[in-house]
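# Topology and contacts: notes
As a plain string of letters, each chain reads:
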Amino acid sequence: MNSDNSEEIFPVVDAAGNVVGKATRGECHGGSMLLHPVVHLHVFNSRGELYLQKRPAWKDIQPGRWDTAVGGHVDYGETIAEALRREVREELGITDFVPGAVAVYPFRSEREYELVHVFRTVYDGEVRPSGELDGGRFWSPDEIRENLGQGVFTPNFEGEAGLILG
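Residues numbered from 1 in each chain as written. Predicted model: local features only at pLDDT ≥ 70, side-chain atom pairs only at ≥ 80, totals over all residues. Heavy atoms only, no water.

## Structural notes on the packing of aromatic side chains
- Under the definition given, this model contains four aromatic pairs.
- An aromatic cluster is defined as three or more aromatic residues linked by ring pairs; in this entry it consists of Trp 66, Trp 139, Phe 153 and Phe 157.
- Across from the ring centre of Trp 66, 5.7 Å away, lies the NZ or CZ of Arg 137, which sits over that ring.
- The ring of Trp 139 is capped by Arg 137, whose NZ or CZ atom sits 3.9 Å from the centre of that ring. (Phe/Tyr/Trp six-rings, centres within 6.5 Å; stacked < 30°, edge-to-face > 60°. Lys NZ or Arg CZ within 6 Å of the ring centre and 35° of its normal.)

## Here's the deal with the UniProt feature "domain: Nudix hydrolase" (unreviewed entry) in the protein chain
- Taking the UniProt record as the reference, the feature "domain: Nudix hydrolase" (unreviewed entry) is found at residues 34–166.
- Secondary structure within residues 34–166 divides into 23% helix and 34% strand; the distance between the first and last C-alpha atoms comes to 31 Å. (UniProt positions renumbered as here; feature names shortened; annotations may be inferred. Helix = DSSP H or I, 4+ residues; strand = E, 2+ residues; numbered from the N terminus.)

## So, the environment of Val 70
- Mapped onto the fold, Val 70 is located in strand S6 (residues 70–73).
- For Val 70, a relative accessible area of 0% puts it in the buried group.
- Separated by 30 residues in the primary sequence, Val 70 and His 40 have C-alpha atoms spaced 5.4 Å apart. (Buried < 20%, exposed > 50% of the residue type's maximum accessible area, 1.4 Å probe, protein only.)

## Digging into the side chain of Thr 121
- Looking at the secondary structure, you find Thr 121 in strand S8 (residues 113–122).
- Using a relative accessible area of 5% as the deciding quantity, one classes Thr 121 as buried.
- At a separation of 2.9 Å, a polar atom in the side chain of Thr 121 contacts the main-chain carbonyl oxygen of Val 98.
- If sequence neighbours within four positions are ignored, Thr 121 has contacts with Leu 41, His 42, Val 43, Phe 44, Phe 97, Val 98 and Pro 99. (Polar contact = N/O pair within 3.5 Å; in protein donor to acceptor, adjacent residues only side chain to side chain. Contact = heavy atoms within 4.5 Å.)

## Section: the nonpolar core
- Judged by nonpolar contacts, the single largest core of 17 residues is most densely connected at Leu 41, Val 43, Leu 84, Val 88, Leu 92 and Ile 94.
- Broken down by secondary-structure element, the contributors of at least two residues to this core are strand S3 (35–44) and helix H2 (80–92).
- The element contributing the most residues to this core is H2, with four residues.
- The contacts of Leu 92, once residues within four sequence positions are left out, are Val 43, Tyr 51, Ala 69, Val 70, Glu 87, Val 127, Arg 128, Pro 129 and Leu 133.
- The next biggest cluster of nonpolar side chains, apart from the first, holds eleven residues, and it includes Phe 44, Leu 50, Ile 144 and Ala 161. (Core = buried A, V, L, I, M, F, W, Y, C linked by side-chain atoms within 4.5 Å.)

Next comes the structure, spelled out in structure tokens:
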């Protein structure tokens, strides 16, 4: 059975995103509230539909829910841009895309505290979800709006839907 690597090392950052230390995934996700950076990429096609991934049941955060096309942690020593490229390649098999910055915001749940770097892109090529995901598909904006607040999506995605759907 798959699982997240609780020993993976993440940077710990201040509110401005400056690295002030490091901690393991287990520490960051264990209620320590250590602020750590993550990247999100919203992938639209030219018809205005938004690709969402389905989180597998084995994930330690929000298993089984639909989420941002790409979401991943920045590794210690990695830049935001490097993390974004790596995560997009690993999760969707996409290497040729132009990201546009949308927002940076802090997100706190009962288990963790993230500094989320949000990007968007338009992409009409092949999407190849990896084994890290339980598949994915394109959703129309209306279909997304109809399912908000129904327990279908992750809280992170629901919070970002207004930023990216307008």
